[in-house]
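The lines below spell out each chain.
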Amino acid sequence: METKLYDLNDLVRTDCHDCHDCSSCCREMGDSILLDPYDAYQFQRKEKPLPALLESGEAALTVWNGMILPHLQMNEAIRACSFLSVDGRCGIHDHRPGICRLFPLGRNFSDGKMNYFLLDHACKNNSRSKIKVSKWLGIEPAEAYHSFVLEWHDFRREMVNILADGEEEQAKQLNLYLLRTFFLAPYDTSDDFFSQFTQRTTRIRGAFHE
């Protein structure tokens, strides 16, 4: 059966009505909650900059296809997200990462476009109702965020190819530079994130095409 794909304005059965005290998707997630630059910007706005999260152990670094990326760290004692409270509630809900907002949706990248698909059996709540994809994500402007995610996906693929072609020491230095540029260097939280992201990707791409 072909997977149904959705756009931002499509209705999809994802609304779990405040989870009904369920926190199963916040448990046993390993290092799967990769963070992107918008997540880093949001954490900084809430006075939780990524360097501090890495120092506290609430976030950690992993290697994705040769590229170093940060992810939310699981609390090994309870086998759950470090931000999950004792009563099973998200402690960073208003600025939670994009992957958390997305669940139980996945992203499909094809032919330069991005769509969404429902992970049918991923969420244990069987009484979900339909809601627009854009409203479910809860990030405005939705179109700008959608474009950013697609751009970040394409940019990562570019960097992964460059890293694979470089010498070990060159790849290490580039990895550290990318990590500093998009996750450790502060953003201007009084300014638009998306324009700042474009400036940073443009600067790095320009360095490889001089």
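Residues numbered from 1 in each chain as written. Predicted model: local features only at pLDDT ≥ 70, side-chain atom pairs only at ≥ 80, totals over all residues. Heavy atoms only, no water.

**Observations concerning the environment of F117**
Link 1 in the chain: Along the polypeptide, F117 turns up in strand β7 (residues 113-118).
Link 2 in the chain: Other than its neighbours up to four places away in sequence, F117 contacts T3, K4, L5, Y6, P104, L105, G106, R107 and N108. (Helix = DSSP H or I, 4+ residues; strand = E, 2+ residues; numbered from the N terminus. Contact = heavy atoms within 4.5 Å.)

**Brief notes about the pattern of salt bridges**
Link 1 in the chain: Under the counting rule described, the total for this entry stands at four salt bridges.
Link 2 in the chain: Between R79 and E76 there is a salt bridge, with the nearest N and O atoms lying 2.3 Å from each other.
Link 3 in the chain: Under the relative-accessibility criterion, R79 is labelled partly exposed at 34%.
Link 4 in the chain: Put simply, E151 and R205 hold a salt bridge, and the shortest N to O gap is 2.4 Å. With E151 in helix α5 (residues 142-165) and R205 in helix α7 (residues 193-208), this residue pair connects regions lying 54 residues apart in the sequence.
Link 5 in the chain: Each member of the salt-bridge network shares a partner with another, and the members are E151, E158 and R205. (Salt bridge = Lys/Arg side-chain N within 4 Å of Asp/Glu carboxyl O. Buried < 20%, exposed > 50% of the residue type's maximum accessible area, 1.4 Å probe, protein only.)

**Quick notes on the environment of M114**
Link 1 in the chain: Structurally, M114 can be placed in strand β7.
Link 2 in the chain: Looking at M114, the relative accessible area reads 4%, which means it is buried.
Link 3 in the chain: Put simply, M114 and M29 are 85 residues apart on the chain and 24 Å apart in space, counted from C-alpha to C-alpha.
Link 4 in the chain: Residues within four places of M114 in sequence aside, it is in contact with R107, N108, F109, H146, V149 and L150.

**Quick notes on the packing of helix α6 (residues 168-184) against α7**
Between two packed helices, the angle of one axis relative to the other and the distance separating the axes together describe the packing.
Link 1 in the chain: Where α6 contacts α7, the axes come no closer than 10 Å and their chain directions differ by 160°. Taken together, the axis directions place α6 and α7 in an arrangement best described as roughly antiparallel. Taken as a pair, α6 and α7 cross one another with a handedness that is right-handed. On the side of α6, the interface is formed by L174, Y177, L178, T181 and F182, while α7 contributes F197, R200, T201, R203, I204 and F208.
Link 2 in the chain: Looking at the contact of α6 with α7 residue by residue, the classes come out as seven nonpolar, two polar and two charged. (Axes fitted to C-alpha atoms, helices over the stretch in contact; angles between N-to-C directions. Parallel < 35°, antiparallel > 145°, perpendicular 65-115°, else oblique. Left-handed = near helix turned anticlockwise from the far one by under 90°. Nonpolar A, V, L, I, M, F, W, Y, C, P; charged D, E, K, R; others polar.)

Purely spatial values, then, with no claim about function.
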